Amino acid sequence: MRRVGDNAPCQRTLACIRFVFMKTQNIIPSGLAAKTLLTTLLFALGLAPVTQAATITVTNLASTGPGTLRQALSDNQTLGGGNTIVFAGNLTGTITLAVSGLSVNSPVTILGPGTNVIAVSGNDSVPVFSISAGPTFISDLTIRHGQTIGATGAGGQPDGKDGTGGGIYNSAALTISNCVILSNTVVGGLGADSHMGTVGWGGNGLGGGIYNSGGSLTVISTSFEGNRALGGTGGS
């Protein structure tokens, strides 16, 4: 009969985990891959893993690829969110986004090194941040030159769509602290022309710097400079 408090099965299970984990480390890199493997093993054995918030470091200013802010946000999501993103001590300059803005799909803390050290730019073509999960905290960054343009009206929907959130679009719980929100733009979409059936109104421009869509927004010691919200041109 097994005595109350006998933890031999548990000890054998944990020993098995340690053995498999150590052997597997010979064929995969440490870090994120190793943590993911261990979490998978624990779930497979019906054991709840002990989670700790990770610190993820941005090491370069590229738009995509290893060591970027975009990759750090992806790693945060893979790890289940709630982690902290920091920037390497020797890193300075502007992260210029290409193709698309940065999506925050899991809670995260982003700690910039100072508004005069790191800027994140939408290159006057894409929004900088789209926040859909919180709590999210962003501090000590310059967020600049983001742009969002509403869709053009067409067919049965002749009115142009609203342009929202050039610098930041937020639909979650977001805190912005000690940041500079600079020269971001939203433009409402164009209204449809008469040759498309019905002349449409131009869309609204809403929230050049930040647009809050049903989320909670807290702004602390942050400056807003040169942001614009422009309505779209109606059809003719």
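Preceding this section is the structure that the text describes.
Colleague: Describe the overall build of the protein, with residues and values.
Modeller: Counting its secondary structure elements, the protein contains three helices and 20 strands. Burial status across the protein gives 36% buried among its 236 residues. Residue pairs in contact within the protein that sit at least 24 positions apart in sequence constitute 75% of those at least 6 positions apart. Accessible area for the protein stands at about 12200 Å²; split by element, carbon and sulfur atoms hold 54% of it.

Colleague: Tell me about the sheet that holds strand β15 (residues 185-187), residues and numbers included.
Modeller: The strand order β10-β15-β20 describes an open sheet built from three strands, whose pairing is parallel. Both outer strands of the open sheet, β10 (147-149) and β20 (228-230), are each paired with one neighbouring strand and no more. Between one strand and the next, the sheet's axes are offset by a mean angle of 5°, whatever the strand orientation. Direction of pairing for β10 relative to β15: parallel, over a ladder of three bridges. Residue pairing in the sheet places Gln-147 in a bridge with Thr-185 of β15.

Colleague: Help me get a handle on the pairing of strand β6 (residues 118-121), residues and values and all.
Modeller: Alternating residues of β6 divide into Ile-118 and Val-120 and Ala-119 and Ser-121, and every residue in both groups is buried. With four bridges joining them, strand β3 (residues 93-96) and β6 adopt parallel strand pairing. Along β6, the bridge assignment pairs Thr-96 with Ser-121. Alignment of β6 against strand β9 (residues 142-144), held across three bridges, turns out to be parallel. Counted as the bridge partner of Ala-119 is Thr-142 from β9.

Colleague: Lay out helix α3 (residues 69-78) with the relevant residues and their values.
Modeller: Along α3, the residues classified as buried are Leu-69, Arg-70, Ala-72, Leu-73, Asp-75 and Asn-76. Downstream of α3 by a residue or two, Gly-80 has a phi angle that is positive, lying close to 95°.

Colleague: An account of the side chain of Thr-164 is requested, with residue identities and associated values reported.
Modeller: With respect to the helices and strands, the residue Thr-164 is situated in strand β11 (residues 163-164). Excluding its chain neighbours within four sequence positions, the residues that come into contact with Thr-164 are Thr-148, Tyr-169, Val-186, Leu-206, Gly-207 and Tyr-211.

Colleague: Report on the nonpolar core, specifying residues and quantitative values.
Modeller: Leu-69, Ile-85, Phe-87, Ile-110, Phe-129, Ile-138 and Ile-168 are the most contacted members of the largest nonpolar core, which has 31 residues in total. Elements represented by at least two residues in this core include exactly β1 (55-58), α3, β2 (83-87), β4 (102-104), β5 (108-111), β6, β7 (129-131) and β13 (173-177). Residue contacts for Phe-87: discarding those within four places in its chain leaves Thr-57, Val-58, Leu-69, Ile-95, Ile-110, Leu-111, Gly-112, Pro-113, Ile-118 and Leu-141.

Colleague: An account of the sheet that holds β6 is needed here, citing residue identities and associated values.
Modeller: On the basis of which strands lie adjacent, the open sheet formed by five strands has the order β3-β6-β9-β14-β19 and parallel pairing. Looking at the sheet topology across the chains shown, the edges are occupied by β3 and β19 (223-225). Neighbour-to-neighbour, the strand axes of the sheet open up by a mean angle of 20°, direction not taken into account. Strand direction decides the pairing type here: strand β14 (residues 180-182) and β19, joined by three bridges, are parallel. Residue pairing for β19: Leu-182 is matched across the bridge by Glu-225.

Cut-off values and rules
- Residues numbered from 1 in each chain as written.
- Predicted model: local features only at pLDDT ≥ 70, side-chain atom pairs only at ≥ 80, totals over all residues.
- Heavy atoms only, no water.
- Helix = DSSP H or I, 4+ residues; strand = E, 2+ residues; numbered from the N terminus.
- Buried < 20%, exposed > 50% of the residue type's maximum accessible area, 1.4 Å probe, protein only.
- Contact = heavy atoms within 4.5 Å.
- Areas by Shrake-Rupley, 256 points an atom, 1.4 Å probe, with all protein chains shown as cover.
- Pairing = 2+ DSSP bridges.
- Axes fitted to C-alpha atoms, helices over the stretch in contact; angles between N-to-C directions.
- Core = buried A, V, L, I, M, F, W, Y, C linked by side-chain atoms within 4.5 Å.

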